[in-house]
Amino acid sequence: MRDDRPPPHQIDDEIAFHIEMQTRRYVAAGLDPHAARERALRRMGDIDRARNACTLISLAKETDMERTAWSQGLRQDAVYAWRVLRKTPAFTATVLLTIAMGIGATTAIFSVVNTVLLRGAPYPNADRVAVVWNSYAATGLSEAAVAAAEFADIRDTSKAFDAVAALRPQTTSLSGACGSGPGCEPERVTSYVVSPNLFDLLGVTPSHGRPFAAADGVTGAPQVVLLSDALWQRRFGADPSIVGQTITVGAVSRTVVGVMPAGARFPDAPVGFLRTPADLWIPYGWEQSRKDSRGNQMLGMLARRRAGVSIEQASADLDAIAAGFRQQYANRYARPDVQWRLKAVPINDQIVGDVRTSLIVLLGAVGVVLLITCANVANLMLARGTARRRELAVRSALGAGRGRLVRQLLIEAAMLVTAGGVLGIGLALAGVRGLIALDAGNIPLLDHAGIDVTVLGFAIAVTVLTGLLVGLAPALRQSTADPQIALGGAERTAGDGSIRHRLRRVLVVGEVTMAVVVLVAAGLLVRSFARMAATPIGFDPDGTVVAQIALPRAQYNDGGKILAFQRELLDRFRALPGTAGASAVFPLPMSGDGWGGTVIVENQPAGLPEPHAEYAVAMPGYFSTLRIPVVDGREFADSDVTGTMLVAVVDEEFARQYWPGESAVGKRISPFGPLPANDPRWTTVVGVVGHVRNGGPRKAGEGQLYLPALQKPELTLYFVVRATGSDQPLPAAIRQTVRSLDSQLPIGRLSATRALVGRLLARERFNMLLLSIFGGVALTIAAVGLYGLLAFLVTQRTREIGIRLALGGRPGRILRTVIGEGLALSSLGLVLGCASALLAAPALRGLLFGIEPTDPLTYAGIAGVLLVVAAAASYLPARRATRIDPVSVLRN
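Within the protein chain, the regular secondary structure consists of 26 helices and 24 strands. Out of the 892 residues belonging to the protein chain, those deemed buried represent 48%. Within the protein chain, residue pairs in contact and separated by at least 24 positions form 81% of the contacts whose partners lie at least 6 positions apart.

A few words on the packing of aromatic side chains. Going through the model one piece at a time under the given rule, you end up with 18 aromatic pairs. Taking the centre distance of 5.9 Å and the plane angle of 75 degrees together, the rings of Phe-573 and Phe-719 count as edge-to-face. In this pair, Phe-573 sits in helix H17 (residues 559-574) while Phe-719 sits in strand S23 (residues 716-723), placing the two residues 146 residues apart along the sequence. Phe-719 matches Phe-573 in its accessibility class, with the two residues each being buried. One aromatic cluster in this structure is built from Phe-325, Tyr-329, Tyr-333 and Trp-340.

For residues other than glycine, phi is negative in most cases, and the peptide bonds are mostly trans. A cis amide bond links Phe-266 to the next residue, Pro-267, at an omega of 0 degrees. Positionally, Pro-267 belongs in the loop between strand S9 (252-259) and strand S10 (280-283). Cis geometry marks the peptide bond from Phe-586 to Pro-587; its omega dihedral reads -5 degrees. Secondary-structure assignment places Pro-587 in the loop between strand S14 (579-586) and strand S15 (596-598). Non-glycine residue Ala-238 carries a positive phi angle of around 55 degrees. Assignment of secondary structure puts Ala-238 in the loop between helix H7 (229-236) and strand S8 (246-249). On the basis of relative accessibility, which here comes to 25%, the residue Ala-238 falls in the partly exposed class. In this structure, Arg-627 is a non-glycine residue whose phi angle is positive, near 55 degrees.

Tracing the backbone shows Arg-128 in the loop between helix H4 (89-119) and strand S1 (129-136). By relative accessible area, which is 23% here, Arg-128 ends up partly exposed. When sequence neighbours within four positions are dropped, the list of residues in contact with Arg-128 reads Asp-162, Ala-303, Arg-304, Arg-305, Arg-306 and Ala-307. For Arg-128, the side chain forms a polar contact with the main-chain oxygen of Arg-305, separated by 2.8 Å.

Together, Leu-97, Met-101, Leu-423 and Leu-427 line one region of the surface with nonpolar side chains, adding up to about 360 Å² of accessible area. Of all the elements in the fold, those that place two or more residues in the nonpolar patch are H4 and helix H13 (402-437). Considering the arrangement of structural elements, one finds Leu-97 in helix H4.

This part takes up the nonpolar core. General note: in soluble globular proteins, nonpolar side chains tend to be found buried as a group. With 68 residues, the main nonpolar core has Ile-549, Phe-573, Val-650, Trp-659, Leu-705 and Tyr-706 as its most contacted residues. Setting aside anything within four residues of it in sequence, one finds Trp-659 in contact with Val-601, Val-650, Phe-654, Ala-664, Lys-667, Ile-669 and Val-685. By size, the runner-up hydrophobic cluster in this structure holds 58 residues, among which are Leu-359, Val-366, Ala-778 and Leu-848.

A separate point is the packing of H17 against helix H20 (residues 730-741). Contact geometry of H17 with H20 gives a least axis separation of 10 Å together with a crossing angle of 140 degrees. Between H17 and H20, the crossing angle belongs to the class labelled oblique. Our pair here, H17 against H20, has a crossing hand that is right-handed. Of H20, the residues touching H17 (which contributes Phe-565, Glu-568, Leu-569, Arg-572 and Phe-573) are Ile-734, Thr-737, Val-738, Ser-740 and Leu-741. Here the contact of H17 with H20 is built from residues that sort into six nonpolar, two polar and two charged.

Attention shifts here to the pattern of salt bridges. Evaluated as defined, the whole model comprises 26 salt bridges. The closest approach of N and O atoms between Asp-540 and Arg-722, which form a salt bridge, is 4.0 Å. With Asp-540 in the loop between helix H16 (499-534) and strand S13 (544-550) and Arg-722 in strand S23, this pair connects stretches of sequence that are 182 residues apart. The closest approach of N and O atoms between Asp-640 and Arg-634, which form a salt bridge, is 2.9 Å. Through salt bridges with shared partners, a single ionic network connects Arg-128, Asp-162 and Arg-304.

Before going further, it helps to examine a positive patch on the surface. Residues Arg-25, Arg-39, Arg-42 and Arg-43 make up a contiguous surface patch of positive charge. If one sorts the elements of the positive patch by residue count, helix H2 (residues 33-44) sits on top with three residues. As for its placement among the helices and strands, Arg-43 is situated in helix H2.

Of note, Val-506 is situated in helix H16. What makes Val-506 exposed here is its relative accessible area of 55%. Counting along the chain gives 127 residues from Val-506 to Asn-379, while the straight-line C-alpha distance between them is 9.7 Å.

Between its first and last C-alpha, H2 extends 16 Å over 12 residues, near the 16 Å set by a 1.5 Å rise per residue. A positive backbone phi angle near 85 degrees is found at Gly-45, which sits one or two residues after H2.

With that settled, the discussion passes to the confidence of the model for the protein chain. When pLDDT is averaged along the protein chain, the result is 82; 87% of the residues meet or exceed 70. Mean pLDDT across the secondary structure elements of the protein chain bottoms out at helix H15 (residues 483-488), with 50, and peaks at strand S7 (residues 224-227), with 95. Note that pLDDT drops below 50 for residues 1-5; the model gives that stretch five contacts with residues more than four away or on any other chain. Note that residues 490-497 has pLDDT below 50 and, in this model, 11 contacts with residues that lie over four places away or in other chains.

The next point concerns the packing of helix H24 (residues 811-840) against helix H25 (residues 856-882). Running from N to C, H24 and H25 cross one another at 150 degrees; their axes reach a closest spacing of 8 Å. When the axes of H24 and H25 are compared, the pair comes out roughly antiparallel. In the packing of H24 onto H25, the handedness of the crossing is right-handed. Class assignment for the residues of the contact of H24 with H25 results in 20 nonpolar, five polar and one charged.

Sheet topology note: the strand S6 (residues 208-209)/S9 ladder contains two bridges and is antiparallel. Each bridged residue has a counterpart across the sheet, and for Gly-209 the counterpart in S9 is Gly-258. As paired strands, S7 and S9 are joined by four bridges and run parallel to one another. Within the sheet, the bridge partner assigned to Leu-227 lies in S9 and is Val-259.

As a further point, take the side chain of Arg-254. Counting through the fold element by element, Arg-254 comes out in strand S9. Within the structure, the side chain of Arg-254 is placed 3.4 Å from the backbone oxygen of Val-224, a separation counted as a polar contact. Ignoring any residue separated from it by four or fewer positions in sequence, one finds Arg-254 in contact with Gln-223, Val-224, Val-225, Gln-245, Thr-246, Ile-247, Val-249 and Ile-282.

Here the focus is the environment of Leu-576. Within the fold, Leu-576 resides in the loop between H17 and S14. When the C-alpha positions of Leu-576 and Leu-730 are compared, they lie 8.6 Å apart, and in sequence the two are 154 residues distant. When residues no more than four places from it in sequence are discounted, the contact partners of Leu-576 are Ala-733 and Thr-737.

What follows covers H20. With 12 residues, H20 should reach 16 Å at 1.5 Å per residue; the first-to-last C-alpha distance of 17 Å fits that figure. Within the sequence span of H20, burial applies to Leu-730, Ile-734, Thr-737 and Val-738. All buried residues of H20 fall inside an arc of 95 degrees around its axis, so they share one side.

So, on to the side chain of Ser-111. Take Ser-111: it is sitting in helix H4. Take Ser-111: its relative accessible area is 0%, and that puts it in the buried class.

Conventions we followed
- Residues numbered from 1 in each chain as written.
- Predicted model: local features only at pLDDT ≥ 70, side-chain atom pairs only at ≥ 80, totals over all residues.
- Heavy atoms only, no water.
- Helix = DSSP H or I, 4+ residues; strand = E, 2+ residues; numbered from the N terminus.
- Buried < 20%, exposed > 50% of the residue type's maximum accessible area, 1.4 Å probe, protein only.
- Contact = heavy atoms within 4.5 Å.
- Phe/Tyr/Trp six-rings, centres within 6.5 Å; stacked < 30°, edge-to-face > 60°.
- Polar contact = N/O pair within 3.5 Å; in protein donor to acceptor, adjacent residues only side chain to side chain.
- Patch = residues over 30% accessible without salt bridge, like charges linked within 9 Å, V, L, I, M, F, W, Y side chains within 5 Å.
- Areas by Shrake-Rupley, 256 points an atom, 1.4 Å probe, with all protein chains shown as cover.
- Salt bridge = Lys/Arg side-chain N within 4 Å of Asp/Glu carboxyl O.
- Core = buried A, V, L, I, M, F, W, Y, C linked by side-chain atoms within 4.5 Å.
- Axes fitted to C-alpha atoms, helices over the stretch in contact; angles between N-to-C directions.
- Parallel < 35°, antiparallel > 145°, perpendicular 65-115°, else oblique.
- Left-handed = near helix turned anticlockwise from the far one by under 90°.
- Nonpolar A, V, L, I, M, F, W, Y, C, P; charged D, E, K, R; others polar.
- Lys, Arg positive; Asp, Glu negative; His and termini not counted.
- Charge placed at Lys NZ, Arg CZ, Asp CG, Glu CD.
- Expected span 1.5 Å × (residues − 1).
- pLDDT = per-residue confidence, 0-100.
- Pairing = 2+ DSSP bridges.
- Arc of directions from axis to C-beta.

Dropping the structure here:
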């Protein structure tokens, strides 16, 4: 332990000096020497106390002097570092931009991970809320909606939950109560019919007005509505006086009772079939519908666990309730061919869904890019340190200790990394906006991503870690310069196999290795996306435009009115110039909407599982409009109307599964429950069409059953219009046509059908694009690192190469030697990178389609690209080596 105390004899001498001087003053005043000394001692007081006081004063003075010297030295080092960095603007700018890109990209991706995976749903009670589903293991339907009767029974009998709520989506129109400006036109909005206690269950209250009360959901209660903050801002200009006013929702006048706070648009992210954030909410007491059929499963159900109840205990409670259902309703719930149970999923897990893997892969990839960045910057600093060996040696010869040199170099690195970190946070802000603008396709809560305290803390931590990675090793290495060797010129010798050069080679090999890992991941996703895009989806969306028209029930309250409007609209669409055909369907393939159910097949052999199919309702001409092939029989005709024989069209998958080896045309089914053999409600199959991948290329889906809209009127249909040429004029013509029939009827999702289809590939495109960008950046940085190393080695070996040329060495051989060294380092990195990628690739399995994580073509392609880039990066330094002038080298 260091002892900063002054030597005791110095303090004793100082005390003795003061006693002697005081004694002399007393003697001069007339006292004898003995009395004078005694009086001087008495005046001095306690000698030990004085000695201790002097010791403390001396220590404080020494500490203050050392602190001042340290702070002055630190300030001098910082000023000197600034001067050094300012004198090398190219080096400084290169390092700053490299660090900024690495930290910025990492922070931007972490912002998304923090929002989606770490922060979760933006509700106070989210950690206690679960989504309750029906699950049918035998059919592969793991998350099905809940019937109103099931909801009411669970609410009444559950012991694990202290609150339950139900909701159902309802696309509708909105008009009135916002003035006369252009923003007051009728518009299509997403509404949800909800239990009045929904927001109390979630733990959020309105920012204006009041929440729903239990009485609001009772039949006959005044019609009320809650608005989302987004709708309030967009349509009503954030006017607080809207509370208490009346607006028209789906042709029904409703009083606005409150506005929810910003960010509360439950479901803010897809929760099963509840996919679109709400614009407004309508109250309804779903327990009033407990007498509805238990097969009418149309509700999403939330349940809040009691305090102290785990999700496992809640699941056990649901199992007990399910056992009661099986006993009471055995025909529905106890059948072994469906393996039914009730399932609870924590809401945060439900929201994250299958996004977790892709986000973790992206975060891992950008982390690898950051490591490559650190390795490259460390390499740059090592190369720069070699050029500064004489400077550091001079400082060492003049008395600077190794600690002072290390501090100087670390301050330079800290200044670079700090400035790069600040710039990186700025890039992260822009990067987050760019990620949102990329339209990632149903990545939940992505719009909420931003730079908050957590993300800022992460950025600071990454900056500090980067500073240590890029600064510490070069500083320790460069501070060991031997003044005698550096000042004596020995560093110019040819055979330089020092640790410094080996370290630089290791860093370059590490950069190549990590770049290969990212490139392989990007290559696998590129090939996967290409396979997915090339997968037939069963229809032709090109050249068509779609418009969702939902008729308000209050105005179109019977089938005759519904069909009259829809048929007239189709006639007008077909009469538009440049139109090759028009029809309508619900749900539209790959739109995200879904509808399925159990089908009774007449004379089905015993022992087979109960048929289940994806349902759709279509107008005549639908299959020809979307170019879905009719492989047997016919499609719907204008004569398939109410009062005629009930008909249906099935797809090839349904026909193959339930009538193998024979034609399905003429067979009878019942889409809505068992029927007596002679009942006229049996539906006859009149056609078989090609299978459509309604869920996108990843999901083959079930067999499909189409019913004629002329026999089963639906309020909501997707109208599809095909153009003879370009489809660009169609949206305006469609909007004008609808307005001519009903000026108050809004249009939803008016766009090219190809754009809607593209949404299902948006997430794969997002992953592929980001990983490709990261892979390109990693490859570029690795190539720059390889180029820098070879250029440095050529510079260090200038004398050796000049001598070899003077002695008759051929430039071609030198060219091959330098390029060979670059390819050798790259090949080593390639081998290590491929091995690492093979170990990490299984993590990508859930993101791939149609290829394996070990796809040999991807690895071969990446290897070829890397070797070409490595050869190009090696060529320029090699070319420069062949142009060395032996005469100039030998003179110097």
